[in-house]
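# Reading the structure
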Amino acid sequence: MSQLILIPVCFLAGWIFKRTRIFPENSASVFGNFIIYISLPSLILANLPSLHWKPSLGFLIGMPWLVFGMSIPLFYAAARIFRWSSDTRTAVILCCGLGNTSFVGLPVLRMFYGEEITPSVLIADQFGTFLCLSIPGFILAVLESPTEKKEPNRNWIASILKKLFTFPPFLALLFSFFLRLFTIPESLHSAFKILGETLVPIALFTVGFQLNFEHPSSKFTPKTESWISPLTLGLIYKLLFAPSFILLVYRFFDVQPDHLRVSVLEAGMAPMITASIVSLQMGYRPDLSAAFPGIGTILSIPTLTFLYFLLENFF
């Protein structure tokens with residue numbers, strides 16, 4: 001029940017504090033850095049060293065790769081039908097091909113299934129979503145950029161490796177394998193656990209702080225191409241089609257119920273904030289890139305509730 005109360009309270013608090021200007025404008029960046037450098041690595045080190053690894057975890061890891069991989073041909077086809085520009089197409093793939101599996105995914109899954117679901121969510125997020133953004137997502141973002149098309153940059157492999165090995169949660173993930181060789185002192189485990197628990201309220205507060213209900217084009221050039229079809233199709237894909245696809249495929253492979261639930265609900269999370277930031281930084285339709293996480297997060301509340309009801313009563 002506490003998780004159920006925590007989610008709307010933190011969301012609303014973030015949104016209110018942004019509008020009342022009690023916190024500085026760059027607060028979201030500061031909170032995000034705290035999560036990336038402190039909360040998420042601590043949560044990983046508190047949970048993954050003791051995780052019992054088994055082949056079925058591969059389905060958790062594979063889910064984001066399937067969702068992202070399927071988004072590429074679908075949105076390339078949609079771009080031809082609706083005559084989207086390459087910038088629009090790339091923005092939709094980056095934002096809606098990947099989900100918010102940590103900032104929102106972790107608190108939502110813990111609300112539904114309790115703290116014991118945390119290791120499974122972290123596996124799906126770090127080995128799945130994060131690596132998918134860092135490798136194929138980054139390659140797509142670089143190859144579609146006008147600069148790359150004019151002046152091909154052969155250092156993108158080095159850029160990918162640099163992103164991977166300077167990302168604190170990924171380093172914590174690697175270090176967690178080393179810690180499996182030892183018995184972690186209870187005091188150290190408790191410290192990691194306490195620091196890791198800060199992720200849920202701070203992440204939800206940060207998402208609420210970043211929510212924007214303005215017209216997607218209101219802060220950008222008014223004469224951009226239409227945002228209605230890419231925004232609508234992108235969110236339909238991310239919130240409805242992707243989890244339905246994962247549910248059908250994983251039921252066919254008879255994935256164990258716990259991993260099925262995590263995979264389907266994580267597949268139905270709102271567009272990934274980090275991927276949207278990458279899209280913004282690369283200049284791919286800033287109006288869409290900024291709108292996807294905020295609008296998607298709000299719309300995901302009823303869709304995730306429906307998915308949870310469906311999984312608990314019929315699967």
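Per an unreviewed UniProt entry, the recorded name for the protein chain is AEC family transporter, and the organism is Leptospira gomenensis. As stated in UniProt under Sequence similarities (unreviewed entry), the record for the protein chain gives "Belongs to the auxin efflux carrier (TC 2.A.69) family." Recorded under Subcellular location (unreviewed entry), the UniProt text for the protein chain is reproduced unchanged: "Cell membrane".

### Regarding the overall build of the protein chain
For the protein chain, the count of helices and strands is 15 helices and 0 strands. Seen through its principal axes, the protein chain has C-alpha atoms that stretch 60 × 50 × 45 Å. Taking all 315 residues of the protein chain together, 51% fall into the buried category. Relative to all contacts within the protein chain whose residues are 6 or more apart in sequence, the contacts with residues 24 or more apart total 86%. Surface summary for the protein chain: the accessible area is close to 14900 Å², and the carbon and sulfur share equals 69%. Across the protein chain, 21 positive and 17 negative side-chain charges occur, with their mean positions spaced 7 Å apart.

### Observations concerning the environment of isoleucine 301
Inspection of the secondary structure assignment puts isoleucine 301 in helix α15 (residues 286–314). Each C-alpha atom of the pair isoleucine 301 and leucine 179 lies 37 Å from the other, and the pair is 122 residues apart in sequence.

### Focus on the UniProt feature "transmembrane region" (unreviewed entry) in the protein chain
The positions that UniProt labels "transmembrane region" (unreviewed entry) are, in the present scheme, residues 28–45, 57–79, 91–109, 121–143, 163–182, 231–250, 262–284 and 290–311. Spanning residues 231–250, this segment combines 100% helix with 0% strand, and its end C-alpha atoms are found 27 Å apart. As annotated, residues 262–284 has a helix share of 70% and a strand share of 0%, and its two end C-alpha atoms lie 31 Å apart.

### Observations concerning the nonpolar core
Judged by nonpolar contacts, the single largest core of 87 residues is most densely connected at Leu109, Leu199, Leu265 and Phe292. At 13 residues, the largest contribution of residues to this core is made by helix α6 (residues 118–143). Excluding residues that lie within four positions of it along the chain, phenylalanine 292 makes contacts with Ala91, Val92, Cys95, Cys96, Pro230, Leu231, Gly234, Leu235, Pro271 and Thr297. One finds Ala13, Phe31, Phe205 and Phe209 within the second-largest nonpolar core, a separate group that totals 5 residues.

### Digging into the packing of aromatic side chains
For the structure shown, the criterion picks out 24 aromatic pairs. Note on phenylalanine 17 and phenylalanine 205: the rings are 5.9 Å apart at their centroids and 50 degrees apart in plane angle, and the pair reads as tilted. Of this pair, phenylalanine 17 sits in helix α1 (residues 2–20) while phenylalanine 205 is found in helix α11 (residues 199–210), placing the two residues 188 residues apart along the sequence. When the centroid spacing of 5.8 Å and the interplanar angle of 85 degrees are considered together, the rings of tryptophan 53 and phenylalanine 127 count as edge-to-face. Of the two residues, tryptophan 53 is situated in the loop between α2 (27–47) and α3 (57–82) and phenylalanine 127 in helix α6; the sequence distance between them amounts to 74 residues. Chaining the aromatic ring pairs together yields one cluster made of Phe17, Phe23, Phe31, Phe205 and Phe209. The lysine or arginine in question, arginine 89, covers the ring of tyrosine 76, its NZ or CZ lying 4.0 Å from the ring centre.

Rules used throughout
- By convention here, each chain's residues receive numbers from 1 onward along its written sequence.
- For this predicted model, a pLDDT threshold of at least 70 governs which residues receive local features, and a threshold of 80 or more governs which side-chain atom pairs are given and counted, while totals over whole chains, interfaces and linings are taken from all residues.
- The basis for every side-chain value is the complete set of non-hydrogen atoms in the structure, without hydrogens or water.
- UniProt positions are given in the numbering used here, feature names are shortened, and annotations may be inferred rather than shown by experiment.
- To qualify as a helix, a DSSP run of H or I must reach at least 4 residues; to qualify as a strand, a run of E must reach at least 2; elements of each kind are numbered from the N terminus.
- Throughout this description, buried means an accessible area under 20% of the type-specific maximum (1.4 Å probe, protein chains only), exposed means over 50%, and partly exposed covers the range between.
- When checking whether two residues touch, look at their non-hydrogen atoms; a contact exists if any pair is within 4.5 Å.
- For accessible areas, the Shrake-Rupley method is used with a probe of radius 1.4 Å. Any residue's cover is judged against the shown protein chains and nothing else.
- The charge count treats Lys and Arg as positive and Asp and Glu as negative. His and the chain ends do not count.
- Each charge is placed at NZ for Lys, CZ for Arg, CG for Asp and CD for Glu.
- Residues enter a nonpolar core if they are buried and are Ala, Val, Leu, Ile, Met, Phe, Trp, Tyr or Cys, with the set joined through side-chain atoms within 4.5 Å.
- Here a Phe, Tyr or Trp ring, Trp counted by its six-membered ring, pairs with any other such ring whose centre lies within 6.5 Å, and the pair is stacked when the planes are under 30 degrees apart, edge-to-face when over 60, and tilted otherwise.
- In this scheme, Lys NZ or Arg CZ marks a charge over a ring once it lies within 6 Å of the ring centre and within 35 degrees of the ring normal.

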